[in-house]
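Per-entry structural report
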Amino acid sequence: MATERTLSIIKPDGVQKQVIGKILTRFEDAGLRIVAAKMMQLDKNLAGSFYAVHKERPFYNDLVTYMTSGPVFVSVLEGADAVNKNRELMGATNPKEAKPGTIRADFADSIEANTVHGSDSLENARNEVAFFFPDL
Ligand code: CMP
């Protein structure tokens, strides 16, 4: 299995609930290595361009408002099959559909406040890692 890198964001609800440590432990216990990390407050510009792919979706404005409502914890995870592994750990986008034991099933409140973001493909992972960590 190829070694990959993927981007993870612990969203404002995850930071607010003080579950950063619990979430990072899940990544590490699954064999993913945290190779870069920073806590940051996104502004509308940054959140808007990160989610530009969703610009035409009805939830775009609310998503940008939500992602700027408090600090987020952004990290890069590295390991075998990292993109898929992270997505399995997160569970479905809508926490109501997420499998028991996944991060979203255990911590998320709603499809918007769904605790974590993770890159959904290797190509997006490369772009998203470069977006937040251009020097990595
Ligand atoms: P994320 O993985 O960060 O990617 C885009 C985000 O949009 C998604 O998680 C959700 O938090 C949010 N979102 C809000 N409403 C919807 C929706 N109806 N379908 C998909 N994503 C949504």
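These lines cover the structure that appears in this document, whether it is placed above or below. (Residues numbered from 1 in each chain as written. Predicted model: local features only at pLDDT ≥ 70, side-chain atom pairs only at ≥ 80, totals over all residues. Heavy atoms only, no water.)

**Quick look at the overall build of the protein chain**
Worth spelling out the cut-off: The helix and strand labels rest on DSSP assignments: H or I over at least four residues marks a helix, E over at least two residues marks a strand, and numbering proceeds from the N terminus. Atoms considered for the radius of gyration are the C-alpha atoms alone. The globule rule reads 2.2 Å times the number of residues to the power 0.38. Working definition: with a 1.4 Å probe on protein chains only, accessible area under 20% of the residue-type maximum means buried, over 50% means exposed, and in between means partly exposed. The contact definition used throughout considers only heavy atoms, calling two residues in contact when any of these lie within 4.5 Å.
Helix and strand counts for the protein chain come out as seven helices and four strands. Shown N-terminal to C-terminal, the secondary structure of the protein chain runs as helices and strands in the order β-α-α-β-α-α-β-α-α-β-α. Against the 2.2 N^0.38 benchmark of 14 Å for 136 residues, the protein chain shows a C-alpha radius of gyration of 14 Å, consistent with a compact globule. Along the three orthogonal principal directions, the C-alpha set of the protein chain runs to about 35 × 35 × 25 Å. Taken over 136 residues, the protein chain has a buried fraction of 47%. A separation of at least 24 residues holds for 76% of the contacts in the protein chain among residues at least 6 apart in sequence.

**Description of the nonpolar core**
Condition: Definition of nonpolar core: a set of buried residues of the types Ala, Val, Leu, Ile, Met, Phe, Trp, Tyr and Cys, connected through side-chain atoms within 4.5 Å.
L7, I9, M67, V74 and F132 are the most contacted members of the largest nonpolar core, which has 20 residues in total. For this core, the elements supplying multiple residues, two or more each, are β1 (3-10), β2 (33-40), α3 (44-50), α4 (60-67), β3 (72-80) and α7 (122-132). Here the element with the most residues in this core is α4; it accounts for five residues. What V74 contacts, discounting residues up to four positions off in sequence, is L7, S8, I9, A36, A37, K38, M40, F132 and F133.

**Some thoughts on the layout of surface pockets**
Sizing a probe to match a water molecule and rolling it over the atoms shows the empty space that remains. Stated precisely, the cut-off is as follows: We place a 1 Å grid over just the protein atoms. Points where a 1.4 Å probe fits but has no way out form a cavity, open points with protein on both sides within 12 Å along at least 5 of 7 lines form a pocket, and any residue with an atom within 4 Å of a point lines it. Grid points are joined across faces, edges and corners, and a volume is the space filled by probe spheres set on the points.
Of the pockets and cavities examined, the largest pocket occupies roughly 710 Å³. What lines the largest pocket is a set of 26 residues, and nearest its centre among them are Y51, H54, H117, G118 and D120. Here the lining of the largest pocket takes four residues from α7, the largest share from any one element.

**Some thoughts on the environment of T93**
In this structure, T93 sits in the loop between α5 (82-90) and α6 (103-107). Along the backbone, T93 and I111 are 18 residues apart, and their C-alpha atoms lie at a distance of 6.2 Å. Once residues lying within four places of it in the same chain are set aside, the contact partners of T93 are R104, I111 and N114.

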